[in-house]
Amino acid sequence: MSVRRLAPDHVQPASFAFDAANENWADRQIAKYPTGRQASAVIPLLWKAQEQHHGWLPRAAIEAVAKKLDMAPMRVMEIATFYTMFNLQPVGEHFIQLCGTTPCALRGAEAIRKVCEEVIGPQSTVSADGKLSWLEVECLGACCNAPMAQINFDYYEDLTPENFRALLDDLRHGRPTKPGPQVERSCSEPLGGGETLKDAALYDGTAVGAGDWQARIADQRKAAAEAAAAKAAAEAAVKAAEATPAAVEAKPATKTAAAGRPKPSGAGQPSSASQDTPAANGKVSAAAVKESAKPADATSATAAPAAGEPDAAAKNVTAPALPESKPELLTAARDGKPDDLSLI
Ligand code: FES
């Protein structure tokens, strides 16, 4: 965890004010928010103040932003000290943020850090010529090209002590540099170039229609239509079977048959399937047994007897309900061995 403090007094400027262009820009940012909510523009204004003040935020800039937004200076100070995008110490013309998080560390960030110390000096100090300063930061999201560093607004990746030393020299002397990978690869491709999707036919349009895709889609549509027809036929057959008089007569009325049978063992818990079936209660017709195995549906609901009129199943119930019994409990592994889950 980094300690974030304001720079010492001897480097703090006496005052800060936005220049005319930035003042105008700040007013436009504030105008984006509803009246009374101008504090919402605090981060953009701090960012612009940092940009104007050579890449870091002095105390006077923080106070100037607070005044412009009519905020307590401490509130703005809290924001400036919380977000690491705000530099509270002077930085060099080229500010290097070196990633030291695990992927970069595993790929040699420590060696890059040593180059920083040798060429620039200790962390958070500006080189004597004012050109360079550096800071170790956490992951910058370019881990696949580790180790890497952000220099001002650009990423420099695939760093080695040699290419990084040369890069610092170019920056110091104002020579052009190439952001991105510092080795021969494009973006995040594997070293040596891409290995997949290399067939030129993928990009010239000749692969379009290959493999008779129209026939494949026609087959898929035909199969879907056949499946839908089979499903509809099965549903019609079930409805026809339920509508026969025998099925209606033999169907037990769940409500009436419930009298006298054991209660569920817990609130809201149904009694077991064997208790719910008419067969478990004693005498029932074969048709009723067969019918009770079917799930209840709208058709069966209409077959229930009218209120106050016992149904066929209720008339047949003469035996007492089976007593509820507890399942066998295990106190040790069955046969001293774990269960064979493949049997489930
Ligand atoms: S760990 Fe360095 S960029 Fe992610």
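The text that follows walks through the structure, step by step, so that each part is easy to find. Keep in mind it's a predicted model, so treat the numbers as computed, not measured.

Each value, and the rule that gives it
- Residues numbered from 1 in each chain as written.
- Predicted model: local features only at pLDDT ≥ 70, side-chain atom pairs only at ≥ 80, totals over all residues.
- Helix = DSSP H or I, 4+ residues; strand = E, 2+ residues; numbered from the N terminus.
- Contact = placed C-beta atoms within 7 Å.
- Buried ≥ 20, exposed ≤ 12 C-beta atoms within 10 Å, placed from the backbone.
- Pairing = 2+ DSSP bridges.
- Core = buried A, V, L, I, M, F, W, Y, C linked by C-beta atoms within 7 Å.
- Axes fitted to C-alpha atoms, helices over the stretch in contact; angles between N-to-C directions.
- Parallel < 35°, antiparallel > 145°, perpendicular 65-115°, else oblique.
- Left-handed = near helix turned anticlockwise from the far one by under 90°.
- Nonpolar A, V, L, I, M, F, W, Y, C, P; charged D, E, K, R; others polar.

Quick word on the overall build of the chain
At step 1: Scanning the chain from terminus to terminus reveals 14 helices and five strands.
At step 2: Within the chain, counting contacts between residues at least 6 apart in sequence, those at least 24 apart form 64% of the total.

Quick look at the pairing of strand β1 (residues 94–99)
At step 1: The element β1 is extensively covered by neighbouring structure, given that six of its six residues are classed as buried.
At step 2: Burial of β1 is two-sided: the residues His 94, Ile 96 and Leu 98 facing one way and the residues Phe 95, Gln 97 and Cys 99 facing the other way are all buried.
At step 3: Sheet topology places β1 next to strand β2 (residues 132–137); six bridges connect them, and they run parallel. Bridge pairing in β2 links Gln 97 to Leu 135.
At step 4: Across three bridges, the pairing between β1 and strand β3 (residues 149–151) is antiparallel. Paired with Ile 96 across the strands is Ile 151, a residue of β3.

Digging into unusual backbone geometry
At step 1: Between Ala 146 and the following residue, Pro 147, the backbone shows a cis peptide bond with an omega angle of -5°.
At step 2: Along the chain, Pro 147 falls in the loop between β2 and β3.
At step 3: You will see that Cys 187, though not glycine, has its phi angle at about 50°, which is positive.
At step 4: By the element assignment, Cys 187 lies in the loop between β5 (180–181) and α8 (213–242).
At step 5: Note on Cys 187: 10 C-beta atoms within 10 Å, which makes it exposed.

Quick look at the nonpolar core
At step 1: Core analysis: the biggest nonpolar cluster contains 24 residues, and Ile 96, Leu 98, Ile 112, Met 148 and Ala 149 have the highest contact counts within it.
At step 2: Those elements giving two or more residues to this core turn out to be β1, α6 (109–119), β2, β3 and α7 (161–172).
At step 3: In this structure Ala 149 touches Ile 96, Gln 97, Leu 98, Cys 99, Ile 112, Tyr 156 and Leu 159, once residues within four positions along its chain are discounted.
At step 4: Counting 16 residues, the second-largest nonpolar core is a separate cluster that includes Ala 41, Ala 64, Ala 66 and Val 76.

Quick word on the packing of helix α2 (residues 42–52) against helix α4 (residues 73–82)
At step 1: Two elements in contact, α2 and α4, have axes whose closest approach is 11 Å; the angle formed by their N-to-C orientations is 70°. Between α2 and α4, the interaxial angle falls into the category roughly perpendicular. Two packed elements cross with a definite hand, and for α2 against α4 that hand is right-handed. The segment α2 lies against α4, with Val 42, Ile 43 and Leu 46 engaging Val 76, Ile 79 and Ala 80.
At step 2: For the contact of α2 with α4, the class distribution of residues is six nonpolar, no polar and no charged.

So, helix α3 (residues 59–68)
Residues spaced three or four apart along an α-helix point in a common direction, a consequence of the helix completing one turn every 3.6 residues.
At step 1: Among the residues of α3, Ala 61, Ile 62, Ala 64, Val 65, Ala 66 and Lys 68 are the ones counted as buried.
At step 2: Elements in contact with the buried residues of α3: α1 (20–30), α2 and α4.

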